[in-house]
Amino acid sequence: MKKVLIVDDDAVSRGLLSRVMKPYAKDFEILTAQNGEEAAYLMTDNTIDLIISDLEMPIMDGIQLLEYINKNYPGTPVFIMTAFGTKEIEDKVMEMGAFKYFEKPLNMDILTDAVFEQLNAGAEGQISGISLSSFLQLMEMEKKTATIKVRSGEKTGNMYFREGALINAASERLTGMKAAQELLTWDKIIIEVEGICRKRENVIKQPLMNVLMSAMQMKDEKEEKQKNQKAPLRPLTDFSSRRDRRQLK
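Here the residue index of a chain counts from 1 through its sequence in written order. Only residues with pLDDT of 70 or above have their local features reported here, since the model is predicted, and side-chain atom pairs are shown and tallied only from 80 upward, although totals for entire chains, interfaces and linings are computed over all residues. Excluded from the side-chain calculation are hydrogens and water; included are all heavy atoms of the structure.

Here we look at the pattern of salt bridges
- We count a salt bridge whenever a side-chain nitrogen from Lys or Arg sits within 4 Å of a carboxyl oxygen from Asp or Glu. Taken as a whole and judged by the stated rule, the model has seven salt bridges.
- Measuring nitrogen to oxygen at the nearest pair gives 3.4 Å for the salt bridge that ties K104 to D54. Residue K104 is found in the loop between β5 (100–103) and α5 (108–119), and its partner D54 is found in strand β3 (residues 50–54); the two are separated by 50 residues along the sequence.
- Think of it in three bands: residues with accessible area under 20% of the maximum for their type are buried, residues over 50% are exposed, and the middle band is partly exposed, with areas taken using a 1.4 Å probe on protein chains only. Judged by relative accessible area, K104 falls into the partly exposed class, the value being 24%.
- Among the residues examined, D54 registers a relative accessible area of 7% and is labelled buried. Segments assigned H or I by DSSP are reported as helices when at least four residues long, segments assigned E as strands when at least two residues long, and all are numbered from the N terminus.

Details of the sheet that holds strand β4 (residues 78–82)
- When DSSP finds two or more bridges between a pair of strands, those strands are recorded as paired. Ordered by their spatial adjacency, five strands build an open sheet running β2-β1-β3-β4-β5, and the pairing between neighbours is parallel. Either end of the sheet is taken by a strand with one partner, and the two such strands are β2 (28–33) and β5. Ignoring which end each strand starts from, the neighbouring axes of this sheet average 20° apart.
- Inspection of the sheet shows strand β1 (residues 2–7) paired to β2 by six bridges, in the parallel sense. By the bridge assignment, V4 is partnered in β2 with I30.
- Residues count as neighbours in contact if any of their non-hydrogen atoms are within 4.5 Å of one another. In this analysis, axes come from line fits to C-alpha atoms, helices being fitted only over the stretch in contact, and the angle between any two N-to-C directions falls in the range 0 to 180 degrees. Helix α3 (residues 62–72) rests against β1, β3 and β4 of the sheet, and its axis sits at about 155° to β3.
- Together, β4 and β5 form the strand contacts of helix α4 (residues 87–95), whose direction differs from that of β5 by roughly 155°.

What to know about the nonpolar core
- One finds L132, L136, I148, M159 and L166 to be the most contacted residues of the largest nonpolar core, which totals 25 residues.
- Within the residue set of this core, elements represented by two or more residues are α6 (132–141), β7 (146–152), β8 (155–162), β9 (165–170), α7 (176–184), β10 (190–194) and α8 (208–230).
- When residues of this core are assigned to their parent elements, the largest contribution, five residues, is made by α7.
- Apart from residues no more than four positions distant in its own chain, M159 is found in contact with L132, L136, A146, T147, I148, V150, L166, N168, A169, A180 and L183.
- For this analysis, a nonpolar core means a set of buried residues of the types Ala, Val, Leu, Ile, Met, Phe, Trp, Tyr and Cys, connected via side-chain atoms within 4.5 Å. Within the second largest apolar cluster, 21 residues are counted, among which are L5, A33, V93 and Y101.

What follows is the structure, encoded as structure tokens:
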């Protein structure tokens, strides 16, 4: 069963969140911690699927907890909540890799929806028989969060989606936009999906359609080049031999 860890030094807030989530006990287990240090300790013995953490806490606050998770448990989704929010704080925690940001008092319906969306963000599995471009458009349309592994023969690469946006990509030789374009030129692919985005930074700034169009152009150019390389060479005319034959006559 999946586990959600609530981290808050305020006992009332922890209790309220636990009670709100209790009706969903058949879907996920709730763990609680009073601060980041206690949360870090719990993570050593439990596989945590989602962390909902307050920002202002003693011993280890939400910022320090984010740093700890990025270093020791990269890819673990974290929701940050605070009663002292500002635009600067929101920008900071999102740049550090927080998946969601909420200001207190919390709207419990919105929070609960976000929890289920994150826990069910992209079922893991293997897909074949569909073009990569079509699959990526489905990811965008359904606003999925996932890491997509692409295989073609011995070649492998990854593409990273956060809430329907392609934020990064990596192949054996390339990263970012160039890697995404490269992967989209591959044929006979197998797609594997992991329901978590394992990259934080948004490296690919262009819309998905721009990436697809540029990759299509690259693929056409690559196929044209291969076609020209396979074309048989016409024999060169040996003018010197022809001239020698005329002289003999």
